[in-house]
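Letter by letter, the chains look like this.
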Amino acid sequence: MDWAGSTAHRRSGAGRGISRVCGTRSCGRRLVPEGAVRVPQGWGGQRIVLRFGSATHRAVVWVDDAEVAAHEGGYTPFEADITDLVVPGAEHRVTVVVNNTLSWQSIPPGHVKETPDGPRQRYFHDFFNYAGLHRSVWLYTTPRSYISDITVFTRLAGSTGSVEYHLEAVGGEEHEVHVTLRDADGTEVARAAGAQGGLTVEDVHPWRPGEGHLYHLHAELWGTSDTPADTYPLPVGVRTVAVEGSRFFINGEPFYFTGFGKHEDSPVRGKGHDDAFMVHDFALMEWLGANSFRTSHYPYAEEALEYADRHGIVVIGETPAVGLNAELGATLAEAVFTTFSEHTINTATQDVHRQAIREMIARDKNHPCVVIWSIANEPESHTGASFSYFDPLVAETRRLDPTRPVAFANFMTATPDRDLISGLFDVLMLNRYYGWYKDLADLAAAERHLEAELRAWTQKHDKPIIMTEYGADALMGLHGVMPSPWTEDYQADVLAMYHRVFDRVDAVVGEQIWNFADFATAPGLLRVDGNKKGVFTRDRRPKTSTRLLRERWREHR
Ligand code: BDP
């Protein structure tokens, strides 16, 4: 059982009104170090908030001796209003205990096996179970009356765009709301008043793939004073997303996804967010001509979505619901179990999953880059129990966001003749390993089987298909003239085979390779120092297949 603890320290040179406190990352043992944070002197009279970008997978937070927050779920933010517990100018101790134990009731799930040598954590997903604070911790202020949230929905009609907004304020019931929308150069293009309303943009410059044009919404809360009580800036990309038959449209134009399933994973940092790695990863995707990625298998740091918004990169946002599948669990965790049962994944797990969906949408709803919500990766999907489990979760996702298609990534054994839940969803996202886990070193058979399966899906559902995983492990530097698994050449051959098939099947509207880069996993016989399906190594050096991708994706654009 892994426990980790961390204490936050204020980073020097932080801006006014917002102070970043960095977390340390650790795993393996129970630690509760102590440290002090100085609250800036000038923050008197303000509301003071402590915010965690994430704590994997659950945390309890104290300020001095008072417990201020407890949070379940490793990849979404949480915060605590600590105004009444701190004195501006004074030092306070912030203590965080982080626990990465996975159980049948956590998302992702896992279980702890009792052995003669003590408890052992088992889990059903293929990436290392890092613990700790992987993202920034912030100390920030708001006025006492403040804007707590804004939701925007955008539409396009010819050259006219519209932005519908819903604003929530706390303590400002008597206040007025004024909203302006400015173009990137600062020109005001629309204004409105009231907590809800619409903004019309003539000659709109839409947000589109490859061109992350953003407007700036600026909301103000006005009381009796001659300056606003609070202001709230929000970048807005005006765009639409739609699915019709087997086509996927962005702004009414058919869109074809090229890119990757990724991981937040790098040497030394593990899962810790790193701005330099992030910018470098985006530059490498641009170098290949990739236009999209999936946040497999959990919501990524907000910085990644902000970057994607600004650069017109399309994102499939995914919850941490990975490994809800006995067929997979049997291989990954030597565990034989029934996926959905009173003692395994049950209604309590479903509540945690529902909450993970809510928190992902609450955080990411205003990002134009996000065009699909993926609510699970490779869950069991061929049983009545899986239908009962997912039906209400899909309904909840649609209730929270009626504007984005909903999907899940389908597991290899859930072929069209077995799958029972895809009818609930808008897009078919398939993870397939013909040429690797099936038809290894026989690419002719792999090609035949892949095409037959894709055609069977198109017979069963008139929905767009995105291949959200396909690939092969390749050890950097290993080459061969024969179709030899683990060589860089074989990886390139596998990818080329898939691309031939995609080009023959009309309903395929996207290809996202597994994986962008090699990544850390739990030990396994098929894992040589991690998972090597990256087209880049873990330290981001290109393998042979990147040449093929550059050619294909730069042409596709
Ligand atoms: C799929 C999973 C992914 C794994 C991949 C693999 O969705 O997380 O890493 O297979 O085996 O089943 O490489």
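Below or above, wherever it landed, is the structure these notes cover. Everything quoted here is computed from the prediction, not taken from an experiment. (Residues numbered from 1 in each chain as written. Predicted model: local features only at pLDDT ≥ 70, side-chain atom pairs only at ≥ 80, totals over all residues. Heavy atoms only, no water.)

### Let's talk about the overall build of the protein
From N to C terminus, the protein includes eight helices and 30 strands. Over its C-alpha atoms the protein spans a radius of gyration of 24 Å, differing by no more than 12% from the 24 Å that the globule rule assigns to 557 residues. Taking the principal axes of the C-alpha coordinates as reference, the protein spans close to 75 × 65 × 45 Å. Taken over 557 residues, the protein has a buried fraction of 57%. Within the protein, counting contacts between residues at least 6 apart in sequence, those at least 24 apart form 70% of the total. Summed over all atoms, the accessible surface of the protein reaches about 22500 Å², with 52% contributed by carbon and sulfur. When the 56 positive and 74 negative side-chain charges of the protein are each reduced to one mean point, those points stand 4 Å apart. (Helix = DSSP H or I, 4+ residues; strand = E, 2+ residues; numbered from the N terminus. Rg over C-alpha atoms; globule rule 2.2 N^0.38 Å. Buried < 20%, exposed > 50% of the residue type's maximum accessible area, 1.4 Å probe, protein only. Contact = heavy atoms within 4.5 Å. Areas by Shrake-Rupley, 256 points an atom, 1.4 Å probe, with all protein chains shown as cover. Lys, Arg positive; Asp, Glu negative; His and termini not counted. Charge placed at Lys NZ, Arg CZ, Asp CG, Glu CD.)

### Points about helix 1 (residues 275-288)
If you check helix 1, its first and last C-alpha atoms are 20 Å apart, about what 14 residues at 1.5 Å a residue would give, namely 20 Å. Where helix 1 is concerned, the buried positions are M278, D281, F282, L284, M285 and L288. Around the axis of helix 1, the buried residues are gathered within 160 degrees of arc, so they sit on the same side. Its side-chain oxygen at 2.9 Å from the backbone nitrogen of A276, D274 defines the N-terminal cap of helix 1. With its phi angle positive at about 85 degrees, G289 sits one or two positions after the end of helix 1. (Expected span 1.5 Å × (residues − 1). Arc of directions from axis to C-beta. Polar contact = N/O pair within 3.5 Å; in protein donor to acceptor, adjacent residues only side chain to side chain.)

### Things to note about the pairing of strand 27 (residues 406-410)
Regular strands place side chains that alternate from one sheet face to the opposite one. The buried fraction of strand 27 amounts to five of the five residues, a majority that puts the element mostly inside the structure. The pairing of strand 26 (residues 370-377) with strand 27 spans three bridges and is classified as parallel. Among the inter-strand pairings, S374 is bridged to a residue of strand 27, identified as A407. In this fold, the crossover linking strand 26 to strand 27 by way of helix 5 (residues 384-400) has right-handed handedness. When strand 27 meets strand 28 (residues 428-431), the two strands line up parallel, connected through two bridges. Pairing of A409 across the sheet is with M429, part of strand 28. (Pairing = 2+ DSSP bridges. Right-handed = clockwise from strand over helix to strand, strands pointing away.)

### Things to note about a nonpolar patch on the surface
A surface patch of nonpolar side chains, amounting to about 200 Å² of accessible area, comprises L475, L478 and V528. Along the chain, L475 falls in the loop between strand 29 (465-469) and helix 7 (488-504). Look at L475 and you get partly exposed, because its relative accessible area is 30%. (Patch = residues over 30% accessible without salt bridge, like charges linked within 9 Å, V, L, I, M, F, W, Y side chains within 5 Å. Salt bridge = Lys/Arg side-chain N within 4 Å of Asp/Glu carboxyl O.)

### Some remarks on the pattern of salt bridges
One pass over the structure, following the stated rule, counts 38 salt bridges. Between E447 and R504 there is a salt bridge; the shortest N-O distance is 3.0 Å. One end of the pair, E447, is in helix 6 (residues 443-460); the other, R504, is in helix 7, with 57 residues separating them in the sequence. What makes R504 partly exposed here is its relative accessible area of 37%. One connected set of salt bridges, linked through shared partners, spans E447, E451, R455, R500 and R504.

### A short note on the packing of helix 6 against helix 7
For the pair helix 6 and helix 7, the least separation of the axes is 10 Å and the interaxial angle reads 35 degrees. Considering only the axes of helix 6 and helix 7, their crossing is right-handed. Residue-level contacts link L443, A446, E447, L450, E451, L454 and R455 of helix 6 to Y490, D493, V494, M497, Y498, R500, V501, F502 and R504 of helix 7. Considering only residue class, the contact of helix 6 with helix 7 consists of ten nonpolar, no polar and six charged. (Axes fitted to C-alpha atoms, helices over the stretch in contact; angles between N-to-C directions. Left-handed = near helix turned anticlockwise from the far one by under 90°. Nonpolar A, V, L, I, M, F, W, Y, C, P; charged D, E, K, R; others polar.)

### So, the site of the ligand
Not every one of the 13 residues close to the ligand is listed here, only the nearest: D126, H297, E378, Y437 and K533. Contact distances for the ligand include 2.7 Å between an oxygen atom and a side-chain N or O atom of H297. For the ligand, an oxygen atom lies 2.5 Å from a polar atom in the side chain of E378. (Near = heavy atom within 4 Å.)

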